[in-house]
Amino acid sequence: MSSVPMTAQTAGKGAARAAARRRGHGGFGSNRRPKWLTYVILALVVVLSIAPLYYTLLLGSSDQQTISKHVIPQWLPDASIFDRFSDVINTDSFNFTKALTNSIIISVVTAFSVVLFSTLAGFAFAKLRFKGRRGLLVFVIATTAVPTQLGVIPLWIIVTDLGWQNKIQAVIIPALVSAFGVFWMTQYLESALPYELIEAARVDGASMIRTFWSVALPAARPAAAMLALFTFIQQWTNFFWPSIVLSQDNATLPVVVKLLQGSFHTDYSLVMAGVFLTTVPLIIVFILAGRQLVAGIMQGAVKG
Amino acid sequence: MTALTTAPTPPRVGPPEKRRRRVGFSQRLSRWDVKVSPYLYVSPFFIIFAITGLFPLLYTGWVSMHKWTLIGGDAGYTGFDNFTAIFQQGEFWLSLRNTFMIFLLSSVPQVIIAIVLAAILNQNIRAKTFWRMGVLIPYIVAPVAVGLIFGQLFADQYGVINTALSAIGLPKIGWHSNTFASWTAIATMVNFRWIGYNTLIFLAAMQAVPADLYEAAVIDGAGRMRQFFSITLPQIRSTIIFVVITSTIGGLQIFDEPRTFDTYGTGGPSHQWETTTMYLWNLGWGPQQNLGRAAAVAWLLFVVIVIFALINYFVSSRISTSDARRGTSKQSRGRRGSTDRKGATR
Amino acid sequence: MLTHRPSRPARRLIAAGASVAALALTLTACSSGDSGSGSSKTQDANEKITLTVATFNNFGYTDELLASYTKTHPNVTVKQEIAATSDDAKANFTTKLAAGGAGLADVQAVDVDWMPTVLQYEDKFTDLSDDAVKDRWLDWKTKQATAPDGKLLGYGTDIGPEAICYRADLFKKYGLPSEPDKVAELLGGKDASWDKYFQVGEDFVKKSGGKVAWYDSPDGTYQAMVGQLANPYENSDGTPKDLATNADIKALFEKVATESKDKGLSAHHQEWQTDWTASFQKNAFATMACPPWMTASIESNSGGVKGWNIANVFPGGGGNWGGSFLVVPAAGKHTAAAKEFAAWLTAPEQQLSAYKQANNYPSQVEAEKDPAVADSKNDFFNNAPVGQIFADRAAAVTVTPFKGPNYFTINKAVTDALVAYDVQGKGTVESNWNAAVDAYKALGLG
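A tally of regular secondary structure across chain C gives 19 helices and 9 strands. Burial status across chain C gives 56% buried among its 446 residues. For chain C, the exposed area adds up to about 18100 Å²; of that, 52% sits on carbon and sulfur atoms.

Structure representation (structure tokens):
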């Protein structure tokens, strides 16, 4: 990532270029709109991306026997899927509303905390000089190599000793920080946070934490927004550890969806309806946050 | 009081003295602030990691040196016996082969397709937000769900894909019986989920490339392809390295997708698609309940991942065009951002 | 630019340390006082307690049933936790047992396939021996839950006596007798044997021109046969038998492999896989080994198919597949009360009520005799008299296989080879048997 500082020029040699840039943000150095081929490729990609979700709608509108007979039971979803939705929400096997609330709490809290701690650490690694910086950073990266299955039993023992079985703290606390997040913010801040800004703040007499709040955080916004979104999604779809530590009366949505699979017979239409329901909140977050996210990326671009 | 008296002139009895005292104190504090804050800022990560990551790691190392059953617990120190036993197991080497092949089939296309997609998205297209969000949709579908959905697609006899193939006269593919086909199917599931994610990461990096570099290239007469290879790629070099490393580490640990590829979750009757994490899981939590051996496999996997990540790091560092000023990302980081090297930006 | 707010160093310090402090606070505040794992084996009879019972799939215990216990034992409230699949429940069970037992319910439902683990770690479970429940269950059922030293570690709930479920419509179509008693006769009646079963199968496959297979899966058929051996993989003292010299198993393996693939009797699906589920709608096979709980699967997978029926016969006489027990983990807080509750829950009356809810065939001798069970019929299977059929089949069970700690790993080695041969079409019978033997050697059971 480049760190060439961009200052808007209104006169002189670069003025024309800057004006052109402002007129039309073009990644390939021109205002030219891409040809139709681009849109065809993009459309294909989006269709492929949405197809599986669409397939869940199709299966959800059908029933198990039809699904067994024809793998694509119908071509358009119909209103019967709403019956399946209410089956899922009102089932006795688990508490859907509780699961939904838990998923929201866990995802929001961890997204917030990961962004905060990762930006803090990223700021330190990227811009501050302290002993052991390099070694610690390598260590951070190395921690991502630890397979999750490795830690299940010791983690379970810790959680049991603290009395956190079947409580959402057991899922939140281990997820409060993320090595990926630290690495991500370090990389970004390195190039997106010009040293001059920090210097200016220090010269003004700001403390470290002040510098962090007023300079580093705003500079990190685009990457932070993306990290928040990624963390939210990751925690929302996390299955393995919550399935071990939480029981079905206090679970999260992905765990609960798996519960729709019966022991000796599975009603795939019900399972797929459940799968879709657990994805809907993410779609909503996505639609709301998506624009922010993209705006953030563009802002980051202008900045440098 | 007139404005004159409030003018901040140095020798005054009241406030200036206070200011002098405050400055002195805050100077000491400020120095201490600079020294200590970095450690404070990185400490939350390390504290939590110590409890939830390091302790399990060490504990599992301890377990790997003992005969240890899942429920029975510690049954005696055995040194490296578990490790030697694992090396003699055909299943272990098969799982490594599977892991490596699935990793190749997923990570390589992932990175390439993601870069290409990001480049496409980087253009001045209409409805940017829609397209950009569109590619991320697969990421929001939970892996369990992806497994369930693709399980319907890839069923050997009655799956969607095979039904379609036989409808147009082509032979059915043994997605579960044929080893290579099973790798492809699983890699497809993994790619489905992660391509959009990596695309956005690359897109963010590409957006940070200054436009005047491209404009200069256009003036020099460079075509789009040339611009892509000579400007875009080198500029996003550190991101490429980052993505390659993270997808290496993630790719060698693939678990959810192969696990849900069939209802038993053991990797197939001939261990066709059993990855090393699955082998670990089956050893420890399957009928054998041999936690000592599972722990040994976990540590071996850890070592393999670290080695691979390092290899990939060096390979990708060299592949990208080297810019004398840039050097490796570590060097440039040192040159660019340290607080002790004033004004040495770049 | 920075605003000119007067910033005191003290405030800055506190702000800087706040994140770390908040973290520490979260940790301590959230941790409720020690959960207290001291288990009171004796308790004050008037102490108000809540007992948890963890089941899976559908044991048929309704809220009303559980509430009725409180009527006779006012100080006890009962809560049920249900896992959807037995696999989920097993993973939960093993993990919590492995971490010392904390988190397990007071009464845990355990599938017969997990009993070897329970028996292996008997000190983690309460001895449930009691004169009051002697002879409550079928002999072979009690035996499955009895430790070598005589302790009774589980109370039986349901059992899985096998009969043959078949497609009467397909039988008729291809010229075989389709009435249940005629079918029983066709397969040999009281002298039904596997040879006869395979023979009739070959005949059927010929008649259907290969369009319809005889049975659903090689592993389903194999496990029905293995379930009739007394010591399939291990000696009664728990030591494993070397698979390379295990003539009984080798014979079974070769028989099933040849009949399944070479003679075309199997529909070439592995049980429980997606293809297997879909095959019910495709007229892929005509018979299968059928314990009571399998009827629920068949019904749900075969909606719309009308020809299923049940014949009161089983090759080899009888066999058992599945069934569950209730165990009381020793780490629980109220083991005495839990034992009492488990005894009540597995009493004939309560099991009857469960049967009405979930069709789980009871293992209690008295319950089986009750008209509510003995006279019950199954609509989907064309009114087959299931109470009668399964009572007969249960009585015909003479042997239940010894399942020690290594039963399942060795069994997996054999079934993997079978599936590789028949379902995946790899290699020869010989090469797959050798693969199974290699897999056995790799276990290092010496």
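Don't stop here, the text continues.
Time to look at the interface of chain B and chain C. The interface of chain B with chain C comprises 35 residues on the first partner and 36 residues on the second. Taken together, both faces of the contact between chain B and chain C bury some 3100 Å²; the carbon and sulfur share is 61%. Of all residues in chain B, B:I71, B:Y158 and B:P269 give up the largest surface area on contact with chain C, accounting jointly for 23% of the area buried on that side. Connecting chain B to chain C are 0 salt bridges. The tally of links from chain B across to chain C stands at 9 residue pairs in polar contact (both at pLDDT 80 or more). Broken down by secondary-structure element, the contributors of at least two residues to the side of chain B that touches chain C are helix 2 (15-64) and helix 6 (143-153) of chain B. Counting residues per element, the side of chain B that touches chain C draws most heavily on helix 2 of chain B, which supplies 8 residues.

Residues and elements named next belong to chain C. Among the secondary structure elements, A257 is positioned in helix 10 (residues 247-262). Of the residues examined, A257 reaches a relative accessible area of 1% and is grouped as buried. Counting along the chain gives 127 residues from A257 to A384, while the straight-line C-alpha distance between them is 32 Å. Sequence-distant contacts of A257, that is, excluding residues within four places in its chain, are made with D262, L418, Y421 and V429.

With that settled, the discussion passes to the interface of chain B and chain A. At the interface, 107 residues of chain B touch 118 residues of chain A. Here chain B meets chain A over a buried area of about 10500 Å², counting both sides, of which 72% is carbon and sulfur. The interface formed by chain B and chain A holds 0 salt bridges in total. On inspection of chain B and its partner chain A, the count reaches 3 residue pairs in polar contact (both at pLDDT 80 or more). Among the elements that make up the side of chain B that touches chain A, the one with the highest residue count is helix 2 of chain B (21 residues). A breakdown of the residues in the side of chain B that touches chain A according to their chemical character gives 64 nonpolar, 27 polar and 16 charged.

Let us now look at the pairing of strand 9 (residues 320-327) of chain C. Residues and elements named next belong to chain C. Strand 9 sits mainly inside the fold: 8 of its 8 residues count as buried. In this sheet, strand 9 lies alongside strand 3 (residues 107-111) in antiparallel orientation, the contact comprising 4 bridges. Across the sheet, the residue bridging to D111 is S324, located in strand 9. Here strand 4 (residues 155-161) runs beside strand 9; their pairing, made up of 4 bridges, is antiparallel. Bridging from a neighbouring strand, P161 pairs with N320 of strand 9.

This brings us to the pattern of salt bridges. Residues and elements named next belong to chain C. Throughout the structure, instances matching the rule amount to 11 salt bridges over all chains. The closest approach of N and O atoms between K255 and D195, which form a salt bridge, is 3.5 Å. Within this pair, whereas K255 is found in helix 10, its partner D195 is found in helix 8 (residues 194-207), the two being separated by 60 residues in sequence. The exposure class of D195 is exposed, given its relative accessible area of 51%. A salt bridge links E259 to K255; its shortest N-O distance comes to 3.5 Å.

Now for unusual backbone geometry. Residues and elements named next belong to chain C. In this model, D135 sits at a positive phi of 65°, which is unusual for a non-glycine residue. Its place among the elements puts D135 in the loop between helix 4 (115-120) and helix 5 (139-144). Here D135 falls in the exposed class, since its relative accessible area comes to 64%. A positive phi is found at N359, a non-glycine position, where the angle reads about 60°. Given the relative accessible area of 44%, N359 is considered partly exposed.

Moving on, we get to helix 3 (residues 86-98) of chain C. Residues and elements named next belong to chain C. Helix length check: helix 3 (13 residues) gives 18 Å between terminal C-alpha atoms against 18 Å at 1.5 Å per residue, within 8%. Three or more residues of helix 3 are buried, namely S86, A89, F93, T94, T95, K96, L97 and A98. Immediately downstream of helix 3, the backbone of G100 shows phi near 110°, a positive value.

This part covers the nonpolar core. In this structure, A:F123, A:F125, A:W184, A:W241, B:F202, C:F341 and C:L345 are the most contacted members of the largest nonpolar core, which totals 228 residues. Looking at this core element by element, the count peaks at 16 residues for helix 8 (residues 179-207) of chain B. Leaving out residues up to four positions away in the same chain, C:L345 has contacts with C:V53, C:Y61, C:L65, C:L66, C:L326, C:Q350 and C:Q351. By size, the runner-up hydrophobic cluster in this structure holds 49 residues, among which are C:Y166, C:W194, C:Y215 and C:W433.

Residue and element names in this part refer to chain C. Domains assigned within chain C are domain 1 (24-159 + 323-381) and domain 2 (161-321 + 382-442). The distance between the C-alpha centroids of domain 1 and domain 2 comes to 30 Å. Each partner contributes to the interface: domain 1 provides 19 residues, whereas domain 2 provides 29 residues. Interface area, domain 1 with domain 2, both sides summed: about 2200 Å², of which 60% is carbon and sulfur. Taken as a group, W140, F380 and F381 account for 38% of the area that domain 1 buries against domain 2, more than any other trio of residues on that side. Here domain 1 is connected to domain 2 by 1 salt bridge. Among the ionic pairs, D113 bridges to K403, the shortest N-O distance being 3.3 Å. Across the domain 1-domain 2 interface, the total number found is 11 residue pairs in polar contact (both at pLDDT 80 or more). Every element with two or more residues in the side of domain 1 that touches domain 2 is listed here: helix 4, helix 5 and helix 16 (371-374).

Let's shift gears to the confidence of the model for chain B. Residues and elements named next belong to chain B. Looking at chain B, the pLDDT average stands at 79 and 84% of residues meet or exceed 70. Within chain B, the element-level pLDDT minimum falls on helix 15 (residues 329-337), averaging 38, and the maximum on helix 4 (residues 90-121), averaging 92. Confidence drops under a pLDDT of 50 for residues 1-20, and excluding neighbours within four residues, the segment shows 5 contacts in the predicted structure.

A word on the environment of B:W93. As for its position among the elements, B:W93 is in helix 4. In sequence terms B:W93 and B:T275 are 182 residues apart; their C-alpha atoms lie 10.0 Å from each other.

All right, on to the pairing of strand 2 (residues 73-77) of chain B then. Residue and element names in this part refer to chain B. Pairing analysis gives 3 bridges linking strand 1 (residues 66-69) to strand 2, with the strands arranged antiparallel. Following the sheet pairing, W68 is matched in strand 2 by D74. Hairpin connection, strand 1 to strand 2: the antiparallel pair is bridged by 3 residues.

For the rest of this paragraph, the subject is the packing of helix 8 of chain B against helix 11 (residues 237-251) of chain B. Residue and element names in this part refer to chain B. Remark: helix 8 packs on helix 11, axes separated minimally by 9 Å, with the N-to-C direction vectors making an angle of 160°. One element, helix 8, and the other, helix 11, form an angle in the roughly antiparallel class. Taken as a pair, helix 8 and helix 11 cross one another with a handedness that is right-handed. The segment helix 8 lies against helix 11, with N198, I201, F202 and A205 engaging T239, I240, F242 and V243. Tallied by class, residues from the contact of helix 8 with helix 11 come to 6 nonpolar, 2 polar and no charged.

Here the focus is a positive patch on the surface. Taken together, the side chains of A:K131, B:R28, B:R31 and B:K35 make up a positively charged region of the molecular surface. Tracing the sequence through the fold places A:K131 in the loop between helix 5 (96-127) and helix 6 (133-143). Classification of A:K131 as exposed rests on a relative accessible area of 71%.

Rules used throughout
- Residues numbered from 1 in each chain as written.
- Chains lettered and ligands numbered in written order.
- Predicted model: local features only at pLDDT ≥ 70, side-chain atom pairs only at ≥ 80, totals over all residues.
- Heavy atoms only, no water.
- Helix = DSSP H or I, 4+ residues; strand = E, 2+ residues; numbered from the N terminus.
- Buried < 20%, exposed > 50% of the residue type's maximum accessible area, 1.4 Å probe, protein only.
- Areas by Shrake-Rupley, 256 points an atom, 1.4 Å probe, with all protein chains shown as cover.
- Contact = heavy atoms within 4.5 Å.
- Buried area = accessible area lost by both parts, 1.4 Å probe.
- Salt bridge = Lys/Arg side-chain N within 4 Å of Asp/Glu carboxyl O.
- Polar contact = N/O pair within 3.5 Å; in protein donor to acceptor, adjacent residues only side chain to side chain.
- Nonpolar A, V, L, I, M, F, W, Y, C, P; charged D, E, K, R; others polar.
- Pairing = 2+ DSSP bridges.
- Expected span 1.5 Å × (residues − 1).
- Core = buried A, V, L, I, M, F, W, Y, C linked by side-chain atoms within 4.5 Å.
- Domains from an automatic or database assignment.
- pLDDT = per-residue confidence, 0-100.
- Axes fitted to C-alpha atoms, helices over the stretch in contact; angles between N-to-C directions.
- Parallel < 35°, antiparallel > 145°, perpendicular 65-115°, else oblique.
- Left-handed = near helix turned anticlockwise from the far one by under 90°.
- Patch = residues over 30% accessible without salt bridge, like charges linked within 9 Å, V, L, I, M, F, W, Y side chains within 5 Å.
- Lys, Arg positive; Asp, Glu negative; His and termini not counted.
- Charge placed at Lys NZ, Arg CZ, Asp CG, Glu CD.

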